[in-house]
Amino acid sequence: MDLLEFVCYNYGQNINMTDMAEGRNCMYRFQSLKEVSYAEITDCFNLAFSDYALPTQLTKDQMKALFIGSGVDKELSFGAFLDDQMVGFILNSCSIYHHQKAVFDVGTGVVPSHRGNKVFTKLFSYAKQELLKHGIEKYYLEVLQGNDKAILAYKKQGFEIIREFSVLKCSS
């Protein structure tokens, strides 16, 4: 499988977004993951990636290791919640890249039962608003080339493909 790297060049544009979004008879709440437990993030992550091209199931300890190894910043990562249940997430790390304060999307997902409600679009808009408050200048992410829905969703948010990668698999 191959990867596409995206960057959002128009990242600094102003947006208007409220903290609540309406879905199918639902009210979603968006917030930082700063106070959200690894267990809750792990449960949402596993459900969101249960039907992915590369299905992934992590334990709470593996999720903690992912956060540490990838430098995920819980304050700059965000979740979508319906009532008290997390139904979507954006996991971000932050660094200086090409002399700019940049965010790197480590993982984004929405649980299958909430797809089609514009959860990602509204969560990303909320995240963008919050990241701008922290001086973020660029936003980078990678997507599997066959993930057409994700590619379209990111392009709708102003992302452009800047590089293509080949993913190699080693056999023992």
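Residues numbered from 1 in each chain as written. Predicted model: local features only at pLDDT ≥ 70, side-chain atom pairs only at ≥ 80, totals over all residues. Heavy atoms only, no water.

1. Brief notes about the overall build of the protein chain
Per the secondary structure count, the protein chain includes four helices and eight strands. Along the protein chain, helices (α) and strands (β) appear in the sequence β-β-β-α-α-β-β-β-α-β-α-β when read from the amino end. Sorting the 172 residues of the protein chain into buried and exposed places 43% on the buried side. For the protein chain, the share of sequence-separated contacts (at least 6 apart) that also reach a separation of at least 24 residues comes to 69%. Here the protein chain has roughly 9,700 Å² of accessible surface; of this, 50% comes from carbon and sulfur atoms. (Helix = DSSP H or I, 4+ residues; strand = E, 2+ residues; numbered from the N terminus. Buried < 20%, exposed > 50% of the residue type's maximum accessible area, 1.4 Å probe, protein only. Contact = heavy atoms within 4.5 Å. Areas by Shrake-Rupley, 256 points an atom, 1.4 Å probe, with all protein chains shown as cover.)

2. Remarks on the nonpolar core
Burial of nonpolar side chains together is a common tendency in soluble globular proteins. Within the largest apolar cluster, 39 residues are counted, with the highest numbers of intra-cluster contacts made by Ile41, Met86, Phe89, Leu91 and Tyr139. Every element with two or more residues in this core is listed here: β3 (26-32), α1 (38-48), α2 (60-70), β4 (78-82), β5 (85-97), β6 (100-110), α3 (119-133) and β7 (138-144). Leaving out residues up to four positions away in the same chain, Met86 has contacts with Leu33, Val36, Glu40, Ile41, Cys44, Ala80 and Phe81. (Core = buried A, V, L, I, M, F, W, Y, C linked by side-chain atoms within 4.5 Å.)

3. What to know about the side chain of Glu130
Among the secondary structure elements, Glu130 is positioned in helix α3. In terms of polar contacts, Glu130 uses its side chain to reach the side chain of Lys133, at 3.1 Å. (Polar contact = N/O pair within 3.5 Å; in protein donor to acceptor, adjacent residues only side chain to side chain.)

4. Topic: the packing of aromatic side chains
Aromatic ring pairs are defined here through the distance separating the ring centres and the angle between the ring planes. Using the criterion set out here, one finds eleven aromatic pairs in the structure. Geometrically, the ring pair formed by Tyr38 and Phe67 is edge-to-face, given 5.2 Å between the ring centres and 80 degrees between the ring planes. On the criterion of sequence distance, the pair formed by Tyr38 in helix α1 and Phe67 in helix α2 is long-range, its members being 29 residues apart. On the basis of relative accessibility, which here comes to 23%, the residue Tyr38 falls in the partly exposed class. One cation-aromatic arrangement involves Lys74 over Tyr38; the distance from NZ or CZ to the ring centre is 4.3 Å. (Phe/Tyr/Trp six-rings, centres within 6.5 Å; stacked < 30°, edge-to-face > 60°. Lys NZ or Arg CZ within 6 Å of the ring centre and 35° of its normal.)

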